[in-house]
Amino acid sequence: MRDRLQTRYQVQAQLRRPIKERPAHEKSQRETTLLLPTLRTLKKLPNFYLSIVNMVGPIASLSQLNRADGSASYKCPATGYSILGAVNAPIELPARRDALKPEEATVEVFVKPGTTTAGVGERHVEGILRSVLGKIVLGREKGFPRRGVVLTLAIVGGENVERGDSANLSQYLTILPALLHAGLLAMVSASVPLSMTFSATLLGVTKSGDIVRDLSPTAAKAAVSLHVFAVSSKNHLLLNESEGRFDFDTWELVRERALSVCQGETAASADGDVTMGEGTASASLNGFIRETVEDQVYSDYAFKLDSI
Amino acid sequence: MSKEAQLSIAERDFILEALRENVRLDGRQPDDYRALNISFGEEYGHVNLQLGKTNIIVRISSEVTKPREDRPFDGLFNINLELTAMGSPAWENGRTNDIEAYATNTLDRIIRHSNALDTESLCILKGVSCWSIRADVHVIDYDGNITDAACIAIMAGLQHFRRPDAVVRDGRVIVYGVEQRVPVALNITHKPLSVTFHTFNDSKHVVVDATLKEEQAAEGDLVIGINSAGDVCYLSKYAGAPADAMVIVNKTNVAWEKVKQINAAVEKVLQADLAKRAKIGMADESRAENDRLVQIE
Amino acid sequence: MASSTTPISPTPPSLALPPSQFARLQPHAYLLAHLSPPPASNQPSVRANGRATSQFRVTSANAGSLTHTNGSAVVRIGDTAAVCGVRAEILHTKDIASWSVLQASSEQNFDKSNDVGVSESQDEEDRGHIQDLDLLVPNLSLSTGCAPGFTPGAPPSALAQSLSHQILSLLHTTRLVRADDLRIWYQPPNLDSEEFRNAGEGMDVDTEQSEDPEREIKAFWVLYIDVMIISLAGNPFDAAWASVLAALRDTKLPKAWWDADNETILCSDNVADARKLSLRGLPIASSFCSFEGDAAAGWRAVVIPDAEEQKQKKGAQQRWILADPDGYEEGLSQERASLVVDKENGKTVIVKMEKHGGWTVDSDDLRQLVDVSAQRWDEMKRILDQC
């Protein structure tokens, strides 16, 4: 039985080997199992499977593109969005020489909508993504200062963000968690050193006061308030975007709920770092992100693991 | 990085030398395309196309707009191609480059200017409202020949796409949702595709569907836009060294054969997908009806 | 006052720097020294600009500053100044491509509106009209010379686009402007109902028309809200939003009606006929940034895994949340928080709350920020009422 990887540093160290160096037979296998690595997770974890059946969990996979340094796809069936993310890092940015910081990497984010040209709404979301991801990227690692970390996110599936009306933030709050997840996974796939991982969720408060998770764009329009939270693997609140009409007590209830969605019920213990048992915690979003990455590592190093 | 990494001299020599012996790097014949794989997404007009390692997603969308003042009977059709760093690290986000401008121009001429999509059929109410169809091309992996790949994907997308049904009643346009009326297919007049050739060694060797490396080693290109009936709607010898006139004549015949083959392949995938949809649609319908019954009770 | 707190040891006089130079060379240490003065010096913890942490800059507002607009305002918060002009243009319904289009699926909306109260459905319709037809068009420009980084001829910066978007989305979510104020109606003299009778075939058409069969919307006012930041010294959003709010409060729309004979819209030039917009509430924006005493905290969290616990052991305050940051402070912090609050019958309602760029601000801090923002609301209301 193969050992579980204890810490994320090891995951990173293993991933740091360029993906392109993998043996050819590995790669072809990986391509045929596009979007399928979760199936292996399912076999491993019956509980997780059940939770997927119940609430239609997200589907993610890593490194399916050839040219980009790292890539990930993320699909959230509840909201219907499907995002493809690609990261090139570290990369020279000759045109941005003035903006480069002398001691750090420059994180750039580009969001490309599926059926429109990018507008002011995309610029705003890019700003949010840049500030969240820029904070967790360890841009001072060797080889990164004065270079760029370029993240490109394409919205390839899902309900159109209404055409001619891209400046509709309520649409963008619904898509923000998917963008964050795709961005994070693409960063991991490109072996960009990160200080922590995170997961994000969209919660809405309906007219009757219920807290609903993963609203579809139409349901989001009817909600009284919408909240997006990103919670790190160590329980930090990395991002909050709330709009609508609400008071602080409501917000705290929503925040509690967001924490349990991201960390799972068991993760109330202080260090969110892998105390999760096999079944229970993987229902959480952080668990899901972790499973996706572990899965990729297992399949990438299958040749090594089998020989042990 | 704003330029593709250059081919090394050794690589270039190897490619040229191999071509002199009629060998391509991936073992194809000069007139062979790479493996073509087309699949459709959940939405109508969502195409995922793989041509070797070149990977393209096309999405077709529609909306009701006002027609142009000078063409009140015509709908609008636009092809939008924006290259991002996803396709190749050499492309910078938010900046146009030569490939983008060239590919957009070629696609425009082959598909739009040849009127492959009948824009007059997009008119709803003269001078007041019409459909605006938009094709968005996302190049997510670039290994040469995006023009052909995008062209096939857009044409497949246009054939796959269904727009909502719209009716004019007393000066008011009524648009029916997908669940209310069967959405309508677009009116495709003909199916032109582009076939791109690259020339090597003073146009002695001509290959179709070059990979990125072959494109970099090539001395010139030749793009032929042609439909299944054999009507040439675009011909371009755009850049590089001069080519023999006979090459163009001969390769036009090759292109015609290729277009017939590819269109047949697209048709096959399309029919399979539509058949699958019809099945699911029937199941959905019965389920929706059940729901309604429950509601009535 | 600032100079006395700079921690320069007085050993070799040739190496001593004036505070202004120290501020440029070691900005982080300079601000940190102000916020955490040595306990012996008996200095209070103030920011380098002399403000307390939750103190906003001096704010002034002036409405009706521009002549050729329907409403305008200048708002100055410290050295950040924003001018906003609102211009109303008429949009004929016949020029709206989607106006004659009836979404057959819209009957769902009518089903819904029957469930909830009438006022609610009115709200929904408001939002729909304003949002779908783009009746509010805000645009923000960070013009050349407002700050050193802005060069002439450059396309709108990402910041300007992002701010434009924030203003637009806030206008939509707060439903500040009522769609009814922007509608231009026509009351036909006699009931020429042929059109309606024929149109009433679909069920949805029927319901819509039966509400008010005679009146007909002929045009809309479109409000072009242009904000120009003439001086940028941090926190542009608060200033821009305040200027938009003041300008909209100042906006007067002339009386307009449909003239059936000329088939056109006519406007009255009588000032007495013009009426003000009736806005919903008074949402006020307050922005904050979090200044971390340890600039490399995030970095160290990984290199030294238990750095965080050590930090907690030390117990010293490691970060300060600064209200209304100026440009200097913004450059030294990554984490931002922004709140928009309104008060209804003395009760604070949060309209928008966002924070990103770090992990030091959490629930407890945000609760305090809500209180600070509520106080700021009182202050801003006073200022806006006076202008």
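Residues numbered from 1 in each chain as written. Chains lettered and ligands numbered in written order. Predicted model: local features only at pLDDT ≥ 70, side-chain atom pairs only at ≥ 80, totals over all residues.

So, on to the overall build of chain C. Within chain C one finds 13 helices and 15 strands. Counting only residues that meet the buried cut, chain C has 37% of its 387 residues in that class. (Helix = DSSP H or I, 4+ residues; strand = E, 2+ residues; numbered from the N terminus. Buried ≥ 20, exposed ≤ 12 C-beta atoms within 10 Å, placed from the backbone.)

This next bit is on the confidence of the model for chain B. This prediction gives chain B a mean pLDDT of 89; 94% of its residues lie at or above 70. Here residues 289-297 of chain B is a poorly scored stretch, pLDDT under 50, and it has 0 contacts once near neighbours within four places are set aside; other chains count. (pLDDT = per-residue confidence, 0-100. Contact = placed C-beta atoms within 7 Å.)

Between chain A and chain C, the residue contacts involve 31 residues of the former and 30 residues of the latter. Where the side of chain A that touches chain C is concerned, the elements lending two or more residues are helix H5 (120-136), strand E9 (237-246) and helix H8 (248-263) of chain A. Broken down by element, the side of chain A that touches chain C gets its largest block of residues, 10 residues, from E9 of chain A.

Looking now at the interface of chain B and chain A. Listed per partner, the contact involves 28 residues of chain B and 24 residues of chain A. The set of elements that each furnish at least two residues to the side of chain B that touches chain A consists of strand E3 (54-65) and strand E6 (129-141) of chain B. Class assignment of the residues belonging to the side of chain B that touches chain A gives a composition of 7 nonpolar, 11 polar and 10 charged. (Nonpolar A, V, L, I, M, F, W, Y, C, P; charged D, E, K, R; others polar.)

Attention now goes to the nonpolar core. The biggest cluster of nonpolar side chains holds 229 residues, and the ones touching the most others in it are Val87 and Leu179 of chain A, Ile56, Ala150 and Ile154 of chain B together with Ala240 of chain C. Here this core takes 13 residues from helix H6 (residues 169-189) of chain A, the largest share from any one element. Residues lining this core come from more than one domain, with at least three contributed by each of domain 1 (27-56 + 286-386) and domain 2 (59-98 + 120-187 + 214-278) of chain C. Residue contacts for Val87 of chain A: discarding those within four places in its chain leaves Ala68, Asp69, Gly70, Val149, Val150, Leu151, Ala186, Met187, Ser189, Ala190 and Val192 of chain A. (Core = buried A, V, L, I, M, F, W, Y, C linked by C-beta atoms within 7 Å. Domains from an automatic or database assignment.)

With that settled, consider the domain arrangement of chain C. Residue and element names in this part refer to chain C. Each assigned domain of chain C is listed with its residue range as follows: domain 1 (27-56 + 286-386) and domain 2 (59-98 + 120-187 + 214-278). Listed by partner, the interface residues are 16 residues for domain 1 and 18 residues for domain 2. Only strand E12 (284-292), helix H12 (327-330), strand E14 (335-344), strand E15 (347-356) and helix H13 (363-386) provide two or more residues apiece to the side of domain 1 that touches domain 2. Of the residues in the side of domain 1 that touches domain 2, the class split is 7 nonpolar, 4 polar and 5 charged.

Glancing now at the UniProt feature "domain: Exoribonuclease phosphorolytic" (unreviewed entry) in chain B. Residues and elements named next belong to chain B. UniProt records the feature "domain: Exoribonuclease phosphorolytic" (unreviewed entry) for residues 33-164 and 192-241 in the present numbering. Along residues 33-164 one finds 23% helix and 36% strand; the C-alpha atoms at either end are 36 Å apart. This span, residues 192-241, is 12% helix and 48% strand, and a straight line between its end C-alpha atoms measures 27 Å. (UniProt positions renumbered as here; feature names shortened; annotations may be inferred.)

Let us now look at the pairing of strand E2 (residues 70-76) of chain A. Residue and element names in this part refer to chain A. Along E2, 7 of the 7 residues are buried, which leaves the element largely enclosed by surrounding structure. Here E2 shows no split at all, with Gly70, Ala72, Tyr74 and Cys76 on one side and Ser71, Ser73 and Lys75 on the other all buried. Both strand E1 (residues 59-62) and E2 contribute to a ladder of 4 bridges, which runs antiparallel. Across the sheet, residue Ser61 finds its bridge partner in E2, namely Ser73. Judged from the 7 bridges that link them, E2 and strand E3 (residues 81-91) form a sheet pairing that is antiparallel. Following the sheet pairing, Cys76 is matched in E3 by Tyr81. (Pairing = 2+ DSSP bridges.)

On to the packing of helix H5 (residues 158-174) of chain C against helix H9 (residues 236-250) of chain C, then. Between two packed helices, what matters for the description is the angle formed by their axes and the separation of those axes. All names here are of chain C. Packing of H5 against H9 leaves a shortest axis separation of 11 Å and a crossing angle of 45°. With respect to H9, the axis of H5 lies oblique. Viewed along their axes, H5 and H9 form a crossing whose handedness is right-handed. Each of Leu163, Gln166, Ile167 and Leu170 in H5 lies in contact with H9, whose residues at this interface are Pro236, Phe237, Ala240, Trp241 and Val244. In the contact of H5 with H9, the residues fall into 8 nonpolar, 1 polar and no charged. (Axes fitted to C-alpha atoms, helices over the stretch in contact; angles between N-to-C directions. Parallel < 35°, antiparallel > 145°, perpendicular 65-115°, else oblique. Left-handed = near helix turned anticlockwise from the far one by under 90°.)

Residue and element names in this part refer to chain A. Across the sheet, which stays open at both edges, the 5 strands sit in the order E1-E2-E3-E5-E4 with mixed pairing between neighbours. Edge positions in the sheet fall to E1 and strand E4 (106-112), since each has one partner strand and no second. Along the sheet, successive strands turn relative to each other by an average axial angle of 15°, direction set aside. Bridge count between E3 and strand E5 (residues 148-157): 8 bridges; the pairing is antiparallel. Within E5, the residue paired with Val87 across the bridge is Leu151. Sitting on the sheet, H5 is in contact with E4 and E5, with an inclination near 145° to E4.

Between the first and last C-alpha of helix H1 (residues 9-20) of chain B there are 17 Å, a value that for 12 residues agrees with the 16 Å anticipated at 1.5 Å per step. Two residues or fewer after H1 of chain B comes Asn22 of chain B, characterised by a positive phi angle close to 60°. (Expected span 1.5 Å × (residues − 1).)

Look at H5 of chain A: 25 Å from first C-alpha to last across 17 residues, which is about the 24 Å you get at 1.5 Å a residue. For H5 of chain A, the buried fraction is high: 17 of the 17 residues fall into the buried class.

All names here are of chain A. Tracing the backbone shows Asn286 in helix H9 (residues 285-300). Of the residues examined, Asn286 has 25 C-beta atoms within 10 Å and is grouped as buried. In this structure the C-alpha to C-alpha distance between Asn286 and Leu153, which are 133 residues apart in sequence, comes to 21 Å.

A separate point is the environment of Pro164 of chain B. All names here are of chain B. Summarising the element assignment, Pro164 is placed in the loop between strand E7 (162-163) and strand E8 (166-169). Along the chain, Pro164 and Val178 lie 14 residues apart, while their C-alpha atoms are 5.9 Å from each other. For Pro164, the contacting residues outside a window of four places in its chain are Val175, Tyr176, Gly177, Val178 and Pro183.

Attention now moves to the packing of helix H2 (residues 98-112) of chain B against helix H3 (residues 146-160) of chain B. All names here are of chain B. At their nearest, the axes of H2 and H3 sit 10 Å apart, and the two run at 45° to each other. Viewed along their axes, H2 and H3 adopt a mutual orientation that is oblique. Where H2 crosses over H3, the handedness of that crossing is right-handed. Between H2, through Ala103, Thr106, Leu107, Ile110 and Ile111, and H3, the contact on the second element is made entirely by Ile146, Thr147, Ala150, Cys151, Ile154 and Met155. A class-by-class count of the residues in the contact of H2 with H3 yields 9 nonpolar, 2 polar and no charged.

All names here are of chain B. As defined by bridge partners, strand E1 (residues 36-40) adjoins strand E2 (residues 46-51) across 5 bridges and the pair is classed as antiparallel. By the bridge assignment, Leu36 is partnered in E2 with Leu51. The hairpin formed by E1 and E2 contains 5 residues between the paired strands, and Gly45 there has a positive phi angle of roughly 75°.

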